[in-house]
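Summary of the model geometry
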Amino acid sequence: MIECTQTTNKSRIWMQTAIIVLAVVVFGSPTLMYPFGRDQGEYAWIAASALQGKVIYTDVFNVKPPLTHVIHEAAILLFGHHMVSIRILDMLWQGATAILIFKIAKNIGENSFAPMLAAILYLIMYYTTAFWTTAQTDGFINLPVTAGILLFLYAEERNRIWLYAVSGVAIGLATLLKYPIGILLPFMAVLVLFKLRKNGVIPTLLMGFGTLLPLGCSAIFMFISGNLDAFLRTQFVYISNYSTMPWQELSYIGSVGSVFLLQLASPGVGWISLCGWLGLITGPARARTIPKIVIALWWISAAIHFIIQNKFYTYHILPLYAPLALMLVQFFIDEPKTLNRVQITLGFLGIFLVVFPFFLSDFQQKYIRTWRVLTGSDSLQTVYLSDAFGAYNKNTDFSSRADIEVADYIAGQTQPGEKIFIWGFEPEIYFLSQRENATRFIYNFPLYGPHARVDLQQEFISDLGMQKPVYMLIVKNDAIPHVTATSEDSWAAYKSFTDFHDFVSRHYHFETAIEDFMIYRLNQ
C-alpha cells in the first residue's frame with residue numbers, strides 16, 4: 001500500500017512538472033520573437049566583445065557586475081550570435097526557476113495542487129512583461145535566489161549543515177548579478193541564529209563563506225586578468241553618482257516615498273503583494289512556519305533591492321515575483337476542505353490580479369506573431385522590423401527597425417575589422433553589424449551631463465584620435481534623464497561637447513540619415 005502511494009505521488013509530481021514545462025512553452029514562446037531592447041543589446045555586445053578576447057571593464061566600459069555578461073556569453077556559445085539566443089536561454093532559465101518554486105511550495109503544506117499553481121503564477125507574472133523587461137539582469141536573479149532558498153530549506157529540514165554553504169553560494173551568484181539582493185543573506189543568518197541559538201553559529205558562518213566564495217573567485221579572476229582596478233573604479237565611483245540621478249529634485253527618502261509607495265498602491269504588484277501578505281498571515285496553521293518566514297524575508301529583500309536602485313523601472317520589480325507566487329498560494333497550501341470563504345476570496349483575488357494583465361498587454365498580437373513565424377508566413381526579421389518594437393514616428397526614443405536598418409547599412413559599407421562609433425545608447429548596433437566600437441565606451445551617458453567625468457572625456461577623445469573609426473553615428477531624440485541627469489539628447493550633447501564636435505567636424509563628413517541616426521563617414 002505504501003509503495004503504491006509512493007508510486008502515485010511520483011506520477012503526480014512528474015505530471016505536474018510536465019504541466020509546468022508546457023506552461024513555460026505556452027507563456028514563454030512569444031518572447032522568442034522579441035528583438036533586443038537597449039539593455040539586452042548592451043549586455044550582448046559586452047559578451048560578444050569578451051568572446052573576441054576583450055577584457056571587460058578595461059577594454060569595454062561596463063557598469064554591471066560580471067555575471068550578466070557571462071550569461072549572455074553562454075547564450076551566444078550555446079545558440080549563436082543572434083538576438084533570439086538570449087531569449088532561448090531566458091526561457092530555459094525561467095522554466096528552471098518555476099520548477100524550483102514548485103519544489104519550495106511542496107515543502108510548505110499538504111495540497112498537491114498549490115505547488116504547481118505557484119510555478120504557473122510566477123510564469124504568468126514574468127511573461128506579462130514586455131520585450132524590454134524580459135531577459136534582464138533582475139529577472140536572471142530569480143534562479144540563483146530561488147535555488148538558495150530551496151537549499152536553505154533543505155538544510156533546515158534535513159539538518160544537513162553543508163547545504164547552508166551551498167545555499168550561500170547560490171546567493172553569492174545572485175549578488176554577482178546585482179549587489180542589493182545580497183541583503184537576503186543577513187536576514188537568513190538572523191533567522192538561523194534565532195532558531196538554533198548557539199548551534200546556529202556554524203551554519204551562519206558556512207552561509208557567509210558560501211556567499212563569499214563566488215565573489216572571491218570573481219575578484220581573483222579579475223585581478224589575474226588585470227581589470228579589477230577598472231571594475232572597482234566603475235562600481236565605487238561611477239555607480240555612486242549614477243544611483244542618485246533619477247530624482248535630482250528630491251532627497252533619496254523623498255524619491256522612495258513618492259515612487260515606491262505609489263508602486264505599492266497600484267493594482268499591480270502592490271495589490272498582489274497585499275494579497276500575498278494576507279496569505280502568509282492568515283494561511284493554514286498546519287503550513288510549516290520556517291518556510292513562511294523565509295518567504296517573507298525573501299519578499300522584503302526583493303523590495304529593498306527594488307528601492308535601493310532608486311530607478312523604479314519595471315524590470316527592477318522582477319525579483320518580487322518568485323516570493324509573491326509562493327505567498328499567493330498560501331491560501332491554498334492546505335487541503336481545500338479546511339479553507340474558509342475569506343481565504344478563498346482573497347486567494348482568487350490575488351490570482352485574478354496576476355492573470356488579468358496577461359490578457360491585456362499585446363496578448364493577441366504576440367501569439368499571432370509567434371504563429372506566423374512558426375508557420376513560415378513571416379520571418380523573425382520581419383517581426384523585428386515591425387512597429388510593435390518601437391518606431392520613432394510613434395514618439396518613442398527607441399526603434400528596433402532603425403537599429404536593424406542602421407546595422408545593415410554599416411555592415412554593407414564597411415569591412416570586418418573596421419571600427420565604428422555610436423554617440424548614443426544603441427550598443428545593439430555593434431552586435432548586429434558585428435563591427436567593433438572604436439573606444440571602450442559602448443554608450444555615451446558616462447561622457448555627458450552633470451556627472452560626466454573630465455578624465456573619461458579626455459580618454460574618449462584620445463581613443464578616437466588614435467582609432468579614427470570609419471563611421472561616426474550621432475543619435476537624436478534619445479534623452480534619458482534618469483540615466484544622464486539631463487534633458488539633453490545625444491545630438492545636443494554632441495553640440496555642447498566642444499572637443500568631440502570639433503573632432504567630427506575636422507575628420508568626417510555627413511553621409512546619410514536613417515530615422516534618428518546621423519551617419520558621418522571618415523574623410524579620405
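See the structure shown above.
Overview of the structure.

About the cut-offs
- Residues numbered from 1 in each chain as written.
- Predicted model: local features only at pLDDT ≥ 70, side-chain atom pairs only at ≥ 80, totals over all residues.
- Heavy atoms only, no water.
- Patch = residues over 30% accessible without salt bridge, like charges linked within 9 Å, V, L, I, M, F, W, Y side chains within 5 Å.
- Areas by Shrake-Rupley, 256 points an atom, 1.4 Å probe, with all protein chains shown as cover.
- Salt bridge = Lys/Arg side-chain N within 4 Å of Asp/Glu carboxyl O.
- Lys, Arg positive; Asp, Glu negative; His and termini not counted.
- Charge placed at Lys NZ, Arg CZ, Asp CG, Glu CD.
- Helix = DSSP H or I, 4+ residues; strand = E, 2+ residues; numbered from the N terminus.
- Buried < 20%, exposed > 50% of the residue type's maximum accessible area, 1.4 Å probe, protein only.
- Pairing = 2+ DSSP bridges.
- Right-handed = clockwise from strand over helix to strand, strands pointing away.
- Expected span 1.5 Å × (residues − 1).
- Arc of directions from axis to C-beta.
- Axes fitted to C-alpha atoms, helices over the stretch in contact; angles between N-to-C directions.
- Parallel < 35°, antiparallel > 145°, perpendicular 65-115°, else oblique.
- Contact = heavy atoms within 4.5 Å.
- Left-handed = near helix turned anticlockwise from the far one by under 90°.
- Nonpolar A, V, L, I, M, F, W, Y, C, P; charged D, E, K, R; others polar.

Overview of a positive patch on the surface
- Taken together, the side chains of Arg 12, Lys 103, Lys 106, Arg 158 and Arg 160 present a region of like positive charge at the surface.
- With respect to the element layout, Arg 158 can be found in helix 7 (residues 142-158).

Notes on the pairing of strand 1 (residues 419-423)
- Summarising burial for strand 1: 4 of the 5 residues are buried, a large majority.
- Pairing geometry for strand 1 and strand 2 (residues 436-437), over 2 bridges, is parallel. The partner of Lys 419 across the bridge, within strand 2, is Glu 436.
- Handedness of the strand 1-helix 20 (residues 428-433)-strand 2 crossover: right-handed.

Some words on helix 9 (residues 184-196)
- Taking 1.5 Å per residue as the helical rise, helix 9 with its 13 residues ought to reach 18 Å, and the 18 Å between its terminal C-alpha atoms agrees with that figure.
- Of the residues making up helix 9, those classed as buried are Leu 184, Leu 185, Met 188, Ala 189, Leu 191 and Val 192. Seen from one end, helix 9 has its buried residues packed into an arc of 160°, which puts them on one side. Across helix 9 from its buried face, at more than 90 degrees, point the exposed residues Val 190 and Phe 194.

Focus: a nonpolar patch on the surface
- A cluster of nonpolar side chains, namely Ile 161, Trp 162, Val 166, Leu 193, Val 201, Ile 202 and Leu 205, defines an oily patch on the protein surface of about 630 Å² accessible area.
- At the level of elements, helix 8 (162-175) and helix 10 (201-225) are the ones that each hand at least two residues to the nonpolar patch.
- For the nonpolar patch, the element with the most residues is helix 10, which contributes 3 residues.
- Take Ile 202: it is sitting in helix 10.
- Note on Ile 202: relative accessible area 48%, which makes it partly exposed.

Quick notes on the packing of helix 3 (residues 67-79) against helix 4 (residues 83-106)
- Taken N-terminus to C-terminus, the directions of helix 3 and helix 4 make an angle of 110°; their axes are 8 Å apart at the nearest point. Viewed along their axes, helix 3 and helix 4 adopt a mutual orientation that is roughly perpendicular. Touching Ile 71, His 72, Ala 74, Ala 75 and Phe 79 of helix 3 are Ser 85, Ile 86, Ile 88, Leu 89, Leu 92 and Trp 93, all from helix 4.

A look at the environment of Leu 212
- Within the element layout of this structure, Leu 212 appears in helix 10.
- Spatially, the C-alpha atoms of Leu 212 and Ile 171 are 9.3 Å apart, while their sequence positions differ by 41 residues.

Some remarks on unusual backbone geometry
- Within the chain, Arg 197 stands out as a residue other than glycine whose phi angle is a positive 55°.
- Mapped onto the secondary structure, Arg 197 falls in the loop between helix 9 and helix 10.
- On the basis of relative accessible area, Arg 197 is assigned to the exposed category, the value being 58%.
- Positive phi is not limited to glycine here, since Asn 477 has a value of about 55°.
- Tracing the sequence through the fold places Asn 477 in the loop between strand 3 (471-475) and helix 22 (481-484).

Quick word on the environment of Glu 42
- Here Glu 42 shows up in helix 2 (residues 38-51).
- Remark: the alpha-carbon pair of Glu 42 and Phe 431, spanning 389 residues in sequence, is separated by 8.6 Å.
- Ignoring any residue separated from it by four or fewer positions in sequence, one finds Glu 42 in contact with Asn 62, Phe 425, Pro 427, Ile 442 and Tyr 443.

Thoughts on the sheet that holds strand 3
- Spatial strand order, 2-1-3-5-4: 5 strands in an open sheet with mixed pairing. Looking at the sheet topology across the chains shown, the edges are occupied by strand 2 and strand 4 (508-514).
- Here strand 1 pairs with strand 3 via 4 bridges, running parallel. What sits directly across from Ile 420, in strand 3, is Tyr 471.
- Sheet contacts for helix 24 (residues 498-507): strand 1, strand 3, strand 4 and strand 5 (517-522); angle to strand 4, the most-contacted strand, approximately 100°.

Some remarks on the pattern of salt bridges
- In total, this model carries 10 salt bridges according to the counting rule given.
- The partner of Lys 178 in a salt bridge is Asp 138, with the nearest N and O atoms 2.8 Å apart. On the criterion of sequence distance, the pair formed by Lys 178 in the loop between helix 8 and helix 9 and Asp 138 in helix 6 (residues 137-140) is long-range, its members being 40 residues apart.
- Measuring nitrogen to oxygen at the nearest pair gives 2.3 Å for the salt bridge that ties Lys 195 to Glu 156. With Lys 195 in helix 9 and Glu 156 in helix 7, the pair connects residues that are 39 residues apart, well separated along the chain.

A word on the packing of helix 4 against helix 7
- Where helix 4 contacts helix 7, the two axes come as close as 9 Å, and the packing angle between them is 25°. The angle between helix 4 and helix 7 falls in the class roughly parallel. In the crossing of helix 4 with helix 7, the sense of the turn from one axis to the other is left-handed. Residue-level inspection shows Trp 93, Ala 96, Thr 97, Leu 100, Ile 101, Lys 103 and Ile 104 of helix 4 in contact with helix 7, the latter providing Asn 142, Leu 143, Pro 144, Thr 146, Ala 147, Ile 149, Leu 150, Leu 153 and Tyr 154.
- Across the contact of helix 4 with helix 7, the residue classes tally to 12 nonpolar, 3 polar and 1 charged.

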